[in-house]
Amino acid sequence: MRTGPQLLALIASLLFTPVASALSEYGIEGMGVVSTRADELRATLSGDGQRIVWASNREGGAGGWDLWQATLQDKRWTQPQPLALNSSADEVDPYLSADGRWLYFASNRKGGRGGFDLYRAPLAADGSIGAPQVLGPSINSRRDERSPALADDGRLLFSSNRDGGAGGWDLWSAPFQADGFGAPAALAGPNTPGDEIDGSWLGGGRGLVFARGNGQGGAQLWVSQCRQGQWGEAALLPLSFNSADGDTRGVLIDANKPGELVVSGRARAPRAGGLDLYRMKAPGVDGSGDCR
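The structure contained in this document is the topic of the report that follows. Keep in mind that this is a model prediction, so the values were computed, not measured.

## Topic: the overall build of the chain
Okay, step 1: What the chain contains, in helices and strands, is 2 helices and 23 strands.
Okay, step 2: The C-alpha atoms of the chain give a radius of gyration of 19 Å, which matches the 19 Å a tight globule of 292 residues would have.
Okay, step 3: Along the first, second and third principal axes, the C-alpha atoms of the chain reach 75 × 45 × 35 Å.
Okay, step 4: Here the chain holds 292 residues, and 50% of them are scored as buried.
Okay, step 5: In the chain, 47% of the contacts between residues at least 6 apart in sequence involve partners at least 24 apart.
Okay, step 6: Carbon together with sulfur atoms contributes 51% to the accessible area of the chain, which is approximately 13800 Å² in total.
Okay, step 7: Charge-centre separation for the chain: the mean point of 28 positive side chains lies 2 Å from the mean point of 32 negative side chains.

## What about the packing of aromatic side chains?
Aromatic ring pairs: the centre-centre distance and the angle between the two ring planes describe each pair.
Okay, step 1: Under the defined criterion, the tally for this structure stands at 4 aromatic pairs.
Okay, step 2: Relative to phenylalanine 181, the ring of phenylalanine 176 has its centre 6.2 Å away and its plane inclined at 80°; by these criteria the two rings are edge-to-face.
Okay, step 3: Given a relative accessible area of 10%, phenylalanine 181 falls into the buried group.
Okay, step 4: Ring plane angle 55° and centroid distance 4.9 Å describe the contact between phenylalanine 241 and tyrosine 278, whose orientation is recorded as tilted. Of the two residues, phenylalanine 241 is situated in the loop between β20 (235-236) and β21 (249-253) and tyrosine 278 in strand β23 (residues 276-281); the sequence distance between them amounts to 37 residues.
Okay, step 5: With a relative accessible area of 3%, tyrosine 278 lands in the buried category.
Okay, step 6: Here the guanidinium or amino end of arginine 155 rests over the ring plane of tryptophan 201, the centre of that ring lying 4.7 Å away.
Okay, step 7: Above the face of the tryptophan 172 ring, arginine 162 is positioned so that its terminal group lies 5.1 Å from the ring centre.

## Details of the environment of asparagine 242
Okay, step 1: Looking at where asparagine 242 falls in the secondary structure, it is placed in the loop between β20 and β21.
Okay, step 2: Between the alpha carbons of asparagine 242 and aspartate 66 there is a distance of 25 Å; along the sequence they are 176 residues apart.
Okay, step 3: Here asparagine 242 is in contact with Gln220, Leu221, Leu236, Leu237 and Thr248, once residues within four sequence places are set aside.
Okay, step 4: Within the structure, asparagine 242 has its side chain in polar contact with the backbone nitrogen of leucine 221 (distance 2.8 Å).

## A word on the sheet that holds strand β4 (residues 66-73)
Okay, step 1: On the basis of which strands lie adjacent, the open sheet formed by 4 strands has the order β2-β3-β4-β5 and antiparallel pairing. Only two strands of the sheet have a single neighbouring strand rather than two, namely β2 (40-45) and β5 (76-82). Each strand axis lies, on average, 25° off the axis of its neighbour in the sheet, ignoring direction.
Okay, step 2: Where β2 and strand β3 (residues 51-56) come together, 5 bridges link them in antiparallel fashion.

## Quick word on the sheet that holds strand β7 (residues 102-107)
Okay, step 1: Read from one edge of the open sheet, 4 strands run β6-β7-β8-β9, paired in antiparallel fashion. Edge positions in the open sheet fall to β6 (91-96) and β9 (133-134), since each of these has one partner strand only.
Okay, step 2: Two elements, β6 and β7, share 4 bridges in a ladder whose sense is antiparallel. Its bridge partner being in β7, tyrosine 95 is matched across the sheet by tyrosine 104.

## Details of the side chain of arginine 212
Okay, step 1: Secondary-structure assignment places arginine 212 in strand β17 (residues 207-213).
Okay, step 2: A relative accessible area of 16% places arginine 212 in the buried class.
Okay, step 3: There is a polar contact of 2.9 Å between the side chain of arginine 212 and the side chain of glutamate 196.
Okay, step 4: Contacts of arginine 212, omitting those with residues within four sequence positions, involve Pro190, Thr192, Asp195, Glu196, Gly218, Ala219, Gln220, Trp222 and Ala234.

Definitions and cut-offs
Residues numbered from 1 in each chain as written. Predicted model: local features only at pLDDT ≥ 70, side-chain atom pairs only at ≥ 80, totals over all residues. Heavy atoms only, no water. Helix = DSSP H or I, 4+ residues; strand = E, 2+ residues; numbered from the N terminus. Rg over C-alpha atoms; globule rule 2.2 N^0.38 Å. Buried < 20%, exposed > 50% of the residue type's maximum accessible area, 1.4 Å probe, protein only. Contact = heavy atoms within 4.5 Å. Areas by Shrake-Rupley, 256 points an atom, 1.4 Å probe, with all protein chains shown as cover. Lys, Arg positive; Asp, Glu negative; His and termini not counted. Charge placed at Lys NZ, Arg CZ, Asp CG, Glu CD. Phe/Tyr/Trp six-rings, centres within 6.5 Å; stacked < 30°, edge-to-face > 60°. Lys NZ or Arg CZ within 6 Å of the ring centre and 35° of its normal. Polar contact = N/O pair within 3.5 Å; in protein donor to acceptor, adjacent residues only side chain to side chain. Pairing = 2+ DSSP bridges. Axes fitted to C-alpha atoms, helices over the stretch in contact; angles between N-to-C directions.

In short, the description is geometric, and any link to function would need to be established separately.
Put into C-alpha cells, the structure is as follows:
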C-alpha cells in the first residue's frame, strides 16, 4: 500500500507537534467579540465566570486604549461594551478582585501622580462600576505603575519603572493593609536590568508568571517559584508562540478557573487581528509561600 503525500504531511505534523502545545493550549478567546482585528491586552474574569474585562484599542471607546467588558450567554461571550469609566487617555491592565468588590486598572488620565497610575473602582451587586479612586502615594510614584494583581492574602503585585529596582521596568509587591497597601518592595530574583512587566501570582503567591522584554519591542512569558523565601530562576512558559521574536504578555489567572491562564499574543492560528487573547493551562507550582 502506497502512502500519499498528504497523509505523509499529516503524519509529520502530528509527530512534530510540541507536547506542551498539544496538552496545554486551548485556543483563542471570544473570536470576533473579545479577540478582534484590533489589539486586545490583558483579560480578567469575574469569580463567577460571567464577566470578562480587557483592554483594547478598537473603535467605539473614549479614545486610545479603553477597558471593555462582555458577558457570558449560552457559553459564549456577547455584548462587548466599553466601560463608562474610560477617559480620553489610556485605560489598560484591568484586574477584577476575587471577592468581586473592585476593578483595578492603570491609566495615564489627569489627576494621577505622574505617567500611568493605579486605580480601583467599586463593583456593585448589580454589576455596575462606580467612580475610580487613585491608589495612594505608597503605590503610585512620579513615574509609571501598571499591571496590578492581588494574591490570596491581599498582596498587590504591579510593575513600575520607578527608582529602586534592578533597572527599567521591575516587578514590585506591596502588603495589604486595612486602609490600602503598605510600602512596596522590588522583587529580588525575577527583576533584571531589562524590563519585567505584567506579573500574575500563581498558586496563591507560591509562584509568579510575568513578561520580560525581549529587546525587540516584544516580550516573553516566564515563570518563577518561591523557594525558602527567595524567588528562583525563571523558566520560559511552555507556549508555542512564546518565542524570542514574538510578543506575548498580559497574563492573568482566570478567577473562575484557577487552573487556566489568559494571555495576550500573536499566534499563527487561530488569529483575529493584532494582539489576541488566548487561553491555556496554568503551570503547576510547588513553591513555598514565604516570598514577599
